[in-house]
Amino acid sequence: MGRSRYKILNEDYPYFHTLTIAGWQPVFTRKESVQILFDSFIWLQENTDFKLHAYVILENHLHFISSASQHSKRIQQFKSFTAKQILDLLAQRKATTLLKYFAYYKRKHKTESHYQLWQEGSHPEEMSNEFMYKQRLEYIHNNPVQRGYVDLPEHWRYSSARSYLGKEGLLPIVFLS
């Protein structure tokens, strides 16, 4: 199936995204790598009109709902910045096994880098109605529960589930009305 299926066509709506590490390698098992994602989300929120509505970060992928003008550009900025920062972190930590995997996953046509951290695309899904939004929000927050990592969504540290219960979360989010 062509990639055109995964384009952001209407920026009036929020979008559900899934970003996956190449080869499903477990990169987000340390606070430092997750903090890179947090820093990038915060930068986008403070310096653009990007709004983060919900998120969950697991060991090798993340799901989130966001909205913005130039939405595709914002996701590209996020992926580009986080890839560079995470690869630099892995190099500093001498994580040669992971770096070898990412060199292996690099697409031949990509000449600007030696590595491929993120799988291609973000597979955005338009949230054009409240039912879709609530369904994806529940999916995001229950992902760690379904995997057996925690018993309750709010127990997963790297999720917006706490914020939706009125508790303090780790990232600022914008609730959809």
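Residues numbered from 1 in each chain as written. Predicted model: local features only at pLDDT ≥ 70, side-chain atom pairs only at ≥ 80, totals over all residues. Heavy atoms only, no water.

1. Topic: the sheet that holds strand E1 (residues 15–20)
Using the following cut-off: In this description, strands pair whenever DSSP reports at least two bridges between them. In DSSP terms, a helix is any run of H or I states spanning at least four residues, a strand is any run of E spanning at least two, and both are numbered starting from the N terminus. Whether two residues are in contact is decided by their heavy atoms, any of which lying within 4.5 Å being enough. Axis definition: a line fit to C-alpha positions, over the contact stretch in the case of helices; interaxial angles, taken between N-to-C directions, run 0 to 180 degrees.
Here we have 4 strands laid out as an open sheet, ordered E2-E3-E1-E4, and antiparallel in their pairing. Both edges of this open sheet fall to strand E2 (51–57) and strand E4 (125–126), since each of them pairs with a single strand only. In this sheet, strand E3 (residues 61–67) lies alongside E1 in antiparallel orientation, the contact comprising 6 bridges. Among the inter-strand pairings, Leu 19 is bridged to a residue of E3, identified as Leu 62. This element, helix H1 (residues 31–47), spans E2 and E3 of the sheet and lies at about 170° to E2.

2. Remarks on the packing of helix H2 (residues 71–92) against helix H3 (residues 96–105)
Definition in use: Roughly parallel means an angle under 35 degrees; roughly antiparallel, over 145; roughly perpendicular, 65 to 115; everything else is oblique. Left-handed describes a crossing whose near helix is turned anticlockwise from the far helix by less than a right angle; the clockwise case is right-handed. Classification used: nonpolar for Ala, Val, Leu, Ile, Met, Phe, Trp, Tyr, Cys and Pro, charged for Asp, Glu, Lys and Arg, polar for all others including Gly.
Viewed as axis vectors pointing N to C, H2 and H3 meet at an angle of 140°, and their least axial separation amounts to 8 Å. In terms of orientation, H2 lies oblique with respect to H3. For H2 against H3, the interelement crossing comes out left-handed. Every residue of H3 that contacts H2 at Leu 87, Leu 90 and Ala 91 is listed here: Leu 98, Leu 99 and Phe 102. Of the residues belonging to the contact of H2 with H3, the class tally is 6 nonpolar, no polar and no charged.

3. With respect to the nonpolar core
For clarity, the cut-off: The criterion is simple. A nonpolar core is a set of buried Ala, Val, Leu, Ile, Met, Phe, Trp, Tyr and Cys residues joined through side-chain atoms within 4.5 Å. Think of it in three bands: residues with accessible area under 20% of the maximum for their type are buried, residues over 50% are exposed, and the middle band is partly exposed, with areas taken using a 1.4 Å probe on protein chains only.
Counting residues in hydrophobic clusters, the biggest one holds 45 residues, and the most contacted among them are Phe 28, Ile 57, Leu 62, Phe 64, Phe 102, Leu 117 and Trp 118. Elements supplying a minimum of two residues to this core: E1, H1, E2, E3, H2, H3 and helix H4 (130–146). Top contributing element to this core by residue count: H2, with 7 residues.

4. Side note on H4
Put simply, the rule is: Each residue after the first adds 1.5 Å to the expected span of a helix. Counting of polar contacts relies on pairs of N or O atoms within 3.5 Å, with two restrictions inside protein: one atom must be capable of donating a hydrogen and the other of accepting it, and residues adjacent in sequence are counted only when both atoms are side-chain atoms.
Here H4 contains 17 residues, and its C-alpha end-to-end distance of 23 Å stays within 8% of the 24 Å for a straight helix at 1.5 Å per residue. Among the residues making up H4, those that are buried are Tyr 133, Leu 137, Ile 140, His 141, Asn 143 and Pro 144. Buried positions along H4 lie against E1, E2, E3 and helix H5 (161–164). At the N-terminal boundary of H4, the capping side chain belongs to Asn 129, with an oxygen 3.1 Å from the backbone nitrogen of Phe 131. A positive backbone phi angle near 80° is found at Gly 148, which sits one or two residues after H4.

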